[in-house]
Amino acid sequence: MKKKFYVSTPIYYVNDVPHIGHTCTTVATDIIARYQKLLGKDVFSLTGTDEHGAKVAQAAEEKGLSPQKFCDQISENFREIWSKLNINYDYFIRTTNPKHKKIVQEIIQKIYKNGDIYRGKYEGLYCVGCEKFITENELTNDCCPLHPNEKIQKQSEENYFFKLSKYAPLLIKAIEDPKNKYHYQISPQSKREEVLSKLKRGVDDLSISRANVPWGIPIPWDKSQTIYVWVDALINYYSALKINQKEEFWPANLHFLAKDILWFHAVIWEAMLISAKIPLPKEVFVHSFYMIDGQKMSKSLGNVISPQELLKRYGVDGTRYLIASSFPYDSDSDVGWKRFTEKYNADLANGIGNLVARVAKLCEKADFKTQKLSGSYFQSGKTKEYRKALDEYRFNEALAFVWEKISQADKYIDNKKPWTLRGKELEKVLQPLVKEIQEISFLIKPFLPEASEKIEKQFSGKIKSEKPLFPRIE
Ligand code: MSP
């Protein structure tokens, strides 16, 4: 039987249209899903939208729409752009789906029955931008550092609390001890350390309901309270499988997300699952952020890069390539139009595009027939480095491996000067070159699915010149 692999992106808030940050995580996750398929696994890949909470309700009100209508519109934007970017997800979950709501209520009820939820008074601060409770000493100039233009809400109300503090010691053991029955991995290492040290400093219980935020799922035993949007949202990873009757994919192999939402995914989610007696995900991977020309991306700075613009300039595979090669692995990554265009021209137009055109032209003249790439190529030691890089989500290293092959192939052509050869001699030089192109085409599959397909077609049977894969951008 095939091994299963279940991978998720965060579900994005619908208060905002998709931007390059969302695109980064979604494209990266799609690359992983496609790679895992190449390894022969049965993959389930999930994305979706997070539609409840004060932030979304506010955004809807500003647009003069009912929250549901507003969610329908923005959620559609996400689906549309993912399809344009050739994202091969298996399901798109929306938290306003009635089936999701029911499952959230069931799980909360289970945690309640387990004695892990109690009623108490929450007095403190809340940042609507983060949908998160924050403390005085986290503030900068009386504002949340991530939302300097938004008012912090003072909140004083009766809420339900989840006994998060009770689970802290257990989670520490679970993270540290690979033999622990709750063991899960947080990667990269730096993020694991961060979570551990915060857990060791001690954690408070978590308010998991709101009294005055009607846009959400009611607490099943007290309809005057709405389930905290994060609790509702995290459960999507589990409910999506139930909705699709694909429970056999649980526990998830990988939750893929960025550092802003690390704590929710690496601590709160696991504590909830232990309490609800549901097995824990195997790995939480946390990447860093894109910065635009050295600055945080923000509407007020007007430096937001949209996936639509990226697509217009660089095409589907061009965009996917630029995202993957600038992926912010464990530190923030600076991106911008100038850099993107230079990289596109160097690696795609002049790199792979030019090599493929060169070889096709030589083969065309030589009346050349190809052989199929051996199926064992991917399993062979020859691709070990590439696979190791992708197993650790180091996209740039995997790409460097492929681009090294491209540059070696270029050098080989320069050395052998096949344009001076004829007949059998020419064929002897071209044979390994064509094989090399087939290998390259195989390895770019997760990143550049369209280009890979085109090259595969071009290099099977009688080889002919075709239109350039990646036209140069001036
Ligand atoms: N709705 C919550 C997630 C709930 S998951 C159970 C949320 N949504 S969000 O729309 O704000 O998306 C946050 C995620 O978007 C980040 O974790 C990251 O994956 C992606 N990014 C947003 N901005 C980013 C950058 N500037 N750079 C890279 N990725 C970023 O949080």
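As a starting point, this report considers the structure included with it.

Calculation notes
- Residues numbered from 1 in each chain as written.
- Predicted model: local features only at pLDDT ≥ 70, side-chain atom pairs only at ≥ 80, totals over all residues.
- Heavy atoms only, no water.
- Core = buried A, V, L, I, M, F, W, Y, C linked by side-chain atoms within 4.5 Å.
- Buried < 20%, exposed > 50% of the residue type's maximum accessible area, 1.4 Å probe, protein only.
- Helix = DSSP H or I, 4+ residues; strand = E, 2+ residues; numbered from the N terminus.
- Contact = heavy atoms within 4.5 Å.
- 1 Å grid on protein atoms, 1.4 Å probe; cavity = no way out; pocket = protein on both sides within 12 Å on 5 of 7 lines; lining within 4 Å.
- Points joined across faces, edges and corners; volume = space filled by probe spheres on them.
- Nonpolar A, V, L, I, M, F, W, Y, C, P; charged D, E, K, R; others polar.
- Axes fitted to C-alpha atoms, helices over the stretch in contact; angles between N-to-C directions.
- Parallel < 35°, antiparallel > 145°, perpendicular 65-115°, else oblique.
- Phe/Tyr/Trp six-rings, centres within 6.5 Å; stacked < 30°, edge-to-face > 60°.
- Lys NZ or Arg CZ within 6 Å of the ring centre and 35° of its normal.
- Polar contact = N/O pair within 3.5 Å; in protein donor to acceptor, adjacent residues only side chain to side chain.
- Near = heavy atom within 4 Å.
- Areas by Shrake-Rupley, 256 points an atom, 1.4 Å probe, with all protein chains shown as cover.

### Considering the nonpolar core
Ranked by size, the top nonpolar core spans 90 residues in total, and within it Ile20, Ile352, Tyr386, Phe395, Trp403 and Phe447 carry the most contacts. If one sorts the elements of this core by residue count, helix 11 (residues 337–366) sits on top with 11 residues. Setting aside anything within four residues of it in sequence, one finds Phe447 in contact with Ile31, Asp317, Arg320, Ala324, Tyr386, Leu390, Phe395, Ala398 and Leu399. The next biggest cluster of nonpolar side chains, apart from the first, holds 73 residues, and it includes Ala168, Ile227, Val231 and Ala266.

### Describing empty space enclosed by the protein
Tallied over the entire structure, the rule returns two cavities of 30 Å³ or more. Here the largest cavity is characterised by a volume of approximately 60 Å³. Around the largest cavity sit 13 residues that line it, and Gly53, Ala54, Arg210, Val213 and Val229 are the ones nearest its centre. Residues that form the lining of the largest cavity fall into these classes: seven nonpolar, four polar and two charged. In this structure, the second largest cavity spans a volume of roughly 30 Å³. Only helix 1 (20–38) and strand 2 (42–50) provide two or more residues apiece to the lining of the second largest cavity. Here the residues of the lining of the second largest cavity are counted per class, giving three nonpolar, five polar and one charged.

### A word on the packing of helix 10 (residues 307–325) against helix 11
At a minimum axis separation of 10 Å, helix 10 and helix 11 run at an interaxial angle of 75°. Comparing the axis directions of helix 10 and helix 11 gives the class roughly perpendicular. Contact residues: Glu309, Leu310, Arg313, Tyr314, Gly318, Tyr321, Leu322 and Ser325 in helix 10; Trp337, Phe340, Thr341, Lys343, Tyr344, Asp347 and Leu348 in helix 11. In the contact of helix 10 with helix 11, the residues fall into eight nonpolar, three polar and four charged.

### A few points about unusual backbone geometry
The omega torsion across Ser187 and Pro188 is 0°, close enough to zero to call that bond cis. In this fold, Pro188 is placed in the loop between strand 7 (185–187) and helix 6 (189–200). Backbone torsion omega between Trp250 and Pro251 reads 0°, so that peptide bond is classified as cis. Along the polypeptide, Pro251 turns up in the loop between helix 8 (236–243) and strand 12 (254–258). Unusually for a residue other than glycine, Asn86 sits at a positive phi of about 65°. With respect to the helices and strands, the residue Asn86 is situated in the loop between helix 3 (67–84) and strand 3 (91–94).

### Examining the packing of aromatic side chains
Applying the stated rule across the entire model yields 37 aromatic pairs. With centroids separated by 5.7 Å and ring planes inclined at 10°, the aromatic side chains of Tyr12 and Phe78 adopt a geometry described as stacked. Residue Tyr12 is found in strand 1 (residues 4–13), and its partner Phe78 is found in helix 3; the two are separated by 66 residues along the sequence. Judged on exposure class, the residue Tyr12 and its partner Phe78 are both buried. Relative to Phe285, the ring of Phe256 has its centre 5.0 Å away and its plane inclined at 20°; by these criteria the two rings are stacked. Residue Phe256 is found in strand 12, and its partner Phe285 is found in strand 13 (residues 283–287); the two are separated by 29 residues along the sequence. A relative accessible area of 0% places Phe256 in the buried class. Site record: aromatic cluster; members linked through ring pairs are Tyr6, Phe44, Tyr237, Tyr238, Phe249, Trp250 and Trp269. Note that Arg210 overlies the ring of Tyr126, its terminal NZ or CZ placed 4.1 Å from the centroid.

### Quick word on the environment of Tyr290
As for its placement among the helices and strands, Tyr290 is situated in strand 14 (residues 290–292). Note: C-alpha distance between Tyr290 and Gly336 (46 residues apart in sequence) is 9.6 Å. Excluding anything up to four places from it in sequence, Tyr290 contacts Ile20, Cys24, Leu322, Ile323, Ser326, Phe327, Pro328, Ser333 and Val335. Here Ile323 takes part through its backbone oxygen, which lies 3.0 Å from a polar atom of the side chain of Tyr290. Looking at Tyr290, its side chain comes within polar contact range of the side chain of Ser326, at 2.9 Å.

### A word on the site of the ligand
In the vicinity of the ligand there are 23 residues, among which Ile11, Thr25, Asp50, Asp260 and Tyr290 approach most closely. Within the side chain of Asp260, a nitrogen or oxygen atom sits 2.8 Å from an oxygen atom of the ligand. Here the ligand, which alone exposes 680 Å², has 93% of that area covered by the protein. For the shell around the ligand, the secondary structure elements donating two or more residues are strand 1, helix 1, helix 7 (229–234) and helix 8. Residues that form the shell around the ligand fall into these classes: 13 nonpolar, eight polar and two charged.

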